[in-house]
2 protein chains.
Amino acid sequence: MVDVKLLGLWYSPACHKVEWALKLKGVKYEYIEENLQNKSPLLLESNPVHKKIPVLIHNGKPICESSVIAEYIDETFEGPFILPKDPYDRAIARFWDKFFDNKMGAVVNTFLHKGEEQEKGKEEVCEMLKILDNELKDKKFFVADKFGYADMAANFVGYWLGVFQDASGVELVTSENFSNFCAWRDVYVKCSQVKEYLPPRNDLLAFIQAYASKA
Amino acid sequence: MVDVKLLGLWYSPACHKVEWALKLKGVKYEYIEENLQNKSPLLLESNPVHKKIPVLIHNGKPICESSVIAEYIDETFEGPFILPKDPYDRAIARFWDKFFDNKMGAVVNTFLHKGEEQEKGKEEVCEMLKILDNELKDKKFFVADKFGYADMAANFVGYWLGVFQDASGVELVTSENFSNFCAWRDVYVKCSQVKEYLPPRNDLLAFIQAYASKA
């Protein structure tokens, strides 16, 4: 029997990247919702270095960091490949995965914090959007013109970013600017995997609104 | 004919991780030293997002980010495997690779900068050393008790950190503290791959001393 547990938070893009990979592979797993205010002993002992979600526990052995987990899932379970097959395409997908991973903090600072943190965040997010807009000027998706791992890893810019904007009232992406990025995002939100695998927009919006109002 | 170019800096641990992988695989490559004060058009067009070294250019196609490059080398060229074969060991190696990658800035701030940046850096480096010391308490190497990819990725704590200390006079690791980490490092610096593939200690020391004296 496959024993797979995922420690996560329902509103976390990094967790949803992992869940997406598990669902694509058809892996059955037990999902355990964590509480950041009162982290479980299982989380603390499974990820003693970062004490962060997501953590995948496979047959009792923990794996941490969403990108590391996604690669592990791809290499361990049968089913459709998550990363592209071609080594160069894999490299490009990993490049964007890492890029997105490093920008998540700036997005949170922009939309949920105030003052200097917010200003620095905004600057970084605008710089990121310029890069993405330029990258997508001649292509429909990030790698090999196919929806794939880089787009999965881009869930927080493809999906969460718009919800953050609506929840916070801080508007960085309009219909006028970043038109290539917006074209990609329009396709993104209509994609069947996005609709099926990501949390309902209204739930996310209500949650972030409540969070932002307390910030 | 294999056409492999590496854009690098001789004193960069990230570049040496890549060179290490190329050397292990026996890949012939042309090394091109960059100048950070005057980046080459080839670097700027090969890594337009980050404009940073290392960049590997294979048959005209650029790959950026040392971890992404190392995986690409492993998947593309024949020769001994760079990452472990077992998926769980691969995950653990990737975890540590990412961990080290994220700490490099703190090390530079600690030893080459002053004031608040330095204080923050010191705190982060001490926290990192505690984590590593704890991790290495019952084992000789990071993954599967064998010198491997995680140790390659650890080159800047195994090799550079000591040089930084000697060059700057900022002493965080002594023979009294972090004893498990020191035991690993003692083995590390004597390892034949480290001796053969990393830049001579004296050259590095003179370079960092000169840099630190200008900071």
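Residues numbered from 1 in each chain as written. Chains lettered and ligands numbered in written order. Predicted model: local features only at pLDDT ≥ 70, side-chain atom pairs only at ≥ 80, totals over all residues. Heavy atoms only, no water.

If you look chain A up in an unreviewed UniProt entry, it shows as Probable glutathione S-transferase from Solanum bulbocastanum. The heading Catalytic activity (unreviewed entry) in the UniProt record of chain A holds the text "RX + glutathione = an S-substituted glutathione + a halide anion + H(+)". Checking UniProt for chain A, the heading Sequence similarities (unreviewed entry) contains the comment "Belongs to the GST superfamily. HSP26 family." (UniProt positions renumbered as here; feature names shortened; annotations may be inferred.)

Novice: Can you help me understand the overall build of chain A in this one?
Specialist: Counting its regular elements, chain A contains 10 helices and 4 strands. Its helices and strands taken in sequence order, chain A reads β-α-β-α-β-β-α-α-α-α-α-α-α-α from the N to the C terminus. Computed over its C-alpha atoms, the radius of gyration of chain A comes to 17 Å, within 12% of the 17 Å expected for a compact globule of 215 residues. Taken over the C-alpha atoms alone, chain A extends approximately 50 × 45 × 30 Å along its principal axes. Sorting the 215 residues of chain A into buried and exposed places 52% on the buried side. Within chain A, contacts between residues separated by at least 24 positions form 68% of all contacts whose residues are at least 6 apart in sequence. Carbon and sulfur atoms provide 50% of the accessible area of chain A, an area that totals close to 10100 Å². Charge centroids of chain A, computed over 27 positive and 32 negative side chains, lie 1 Å from each other. (Helix = DSSP H or I, 4+ residues; strand = E, 2+ residues; numbered from the N terminus. Rg over C-alpha atoms; globule rule 2.2 N^0.38 Å. Buried < 20%, exposed > 50% of the residue type's maximum accessible area, 1.4 Å probe, protein only. Contact = heavy atoms within 4.5 Å. Areas by Shrake-Rupley, 256 points an atom, 1.4 Å probe, with all protein chains shown as cover. Lys, Arg positive; Asp, Glu negative; His and termini not counted. Charge placed at Lys NZ, Arg CZ, Asp CG, Glu CD.)

Novice: Would you explain the pattern of salt bridges in this entry?
Specialist: A side chain with one charge can pair with a side chain of the opposite charge if their charged atoms come near. Counted by the stated rule, this structure contains 24 salt bridges over all chains. Among the salt bridges present, the one from Lys 17 of chain A reaches Asp 97 of chain A, with a minimum N-O distance of 2.7 Å. Pair noted here: Lys 17 of chain A is in helix α1 (residues 13–25) and Asp 97 of chain A is in helix α4 (residues 87–112), with a separation of 80 residues, a long-range link. As far as the burial class goes, Lys 17 of chain A and Asp 97 of chain A line up, both buried. Among the ionic pairs, Arg 201 of chain A bridges to Asp 166 of chain A, the shortest N-O distance being 3.1 Å. Taken together, the positions of Arg 201 of chain A in helix α10 (residues 201–214) and Asp 166 of chain A in helix α7 (residues 155–168) put the pair 35 residues apart, joining distant regions of the chain. Among the residues examined, Arg 201 of chain A registers a relative accessible area of 34% and is labelled partly exposed. By sharing partners, the salt bridges in this structure join Glu 71, Glu 75, Arg 90 and Arg 94 of chain A together with Glu 71, Glu 75, Arg 90 and Arg 94 of chain B into a single network. (Salt bridge = Lys/Arg side-chain N within 4 Å of Asp/Glu carboxyl O.)

Novice: Is there a simple way to explain helix α3 (residues 66–76) of chain A in this structure?
Specialist: For the α-helix, the turn length of 3.6 residues means that residues three or four positions removed from each other point alike. The buried fraction of α3 of chain A is high, at 9 of 11 residues. Along α3 of chain A, the residues that are buried comprise Ser 66, Ser 67, Val 68, Ile 69, Ala 70, Glu 71, Tyr 72, Ile 73 and Asp 74 of chain A. In this fold, the buried residues of α3 of chain A make contact with α1, β3 (55–58), β4 (61–64), α4 and α6 (149–153) of chain A together with α4 (87–101) of chain B.

Novice: Sorry, what's going on with the UniProt feature "domain: GST C-terminal" (unreviewed entry) in chain A here?
Specialist: Using the residue numbers shown here, the UniProt feature "domain: GST C-terminal" (unreviewed entry) corresponds to residues 86–212 of chain A. Overall, residues 86–212 of chain A shows 76% helix and 0% strand. The separation of its end C-alpha atoms is 42 Å.

Novice: Just checking my understanding: could you explain the interface of chain B and chain A for this structure?
Specialist: Facing 24 residues of chain B, the contacting portion of chain A comprises 24 residues. Taking both partners together, chain B and chain A bury about 2300 Å²; carbon and sulfur atoms supply 67% of that area. By the criterion of area lost to chain A, the three top residues of chain B are Tyr 88, Phe 95 and Lys 98 of chain B, representing 27% of everything that side buries. The tally of links from chain B across to chain A stands at 8 salt bridges. Across the pair Asp 101 of chain B and Lys 98 of chain A runs a salt bridge, and its minimum N-O distance is 2.4 Å. When contributions to the side of chain B that touches chain A are tallied by element, the ones reaching two or more residues are β4 (61–64), α3 (66–76) and α4 of chain B. Element by element, the count of residues in the side of chain B that touches chain A is highest for α4 of chain B, at 11 residues. Taken together, the residues that form the side of chain B that touches chain A break down as 14 nonpolar, 2 polar and 8 charged. (Buried area = accessible area lost by both parts, 1.4 Å probe. Nonpolar A, V, L, I, M, F, W, Y, C, P; charged D, E, K, R; others polar.)

Novice: Whenever I open this one, the sheet that holds strand β2 (residues 30–33) of chain A confuses me. Can you help?
Specialist: Residues and elements named next belong to chain A. Strand order in the open sheet formed by 4 strands is β2-β1-β3-β4, and the pairing between neighbours is mixed. Of all the strands in the sheet, just β2 and β4 have a single pairing partner and so form its edges. Across the sheet, the axes of successive neighbouring strands diverge by a mean angle of 20°, strand direction being ignored. Relative to β3, strand β1 (residues 4–8) runs antiparallel, the two being bridged by 4 bridges. Note that in β3 the partner of Leu 7 across the bridge is Val 55. (Pairing = 2+ DSSP bridges. Axes fitted to C-alpha atoms, helices over the stretch in contact; angles between N-to-C directions.)

Novice: Can you help me understand the pairing of strand β3 (residues 55–58) of chain B in this one?
Specialist: Each regular strand shows side chains that alternate between the opposite faces of the sheet. Residues and elements named next belong to chain B. Burial along β3 is two-sided: the face carrying Val 55 and Ile 57 and the face carrying Leu 56 and His 58 are both buried. The pairing of β3 with β4 spans 4 bridges and is classified as antiparallel. Bridge pairing in β4 links Val 55 to Cys 64. Hairpin remark: β3 followed by β4, antiparallel, with 2 residues in the connecting loop; positive phi at Asn 59, about 50°.

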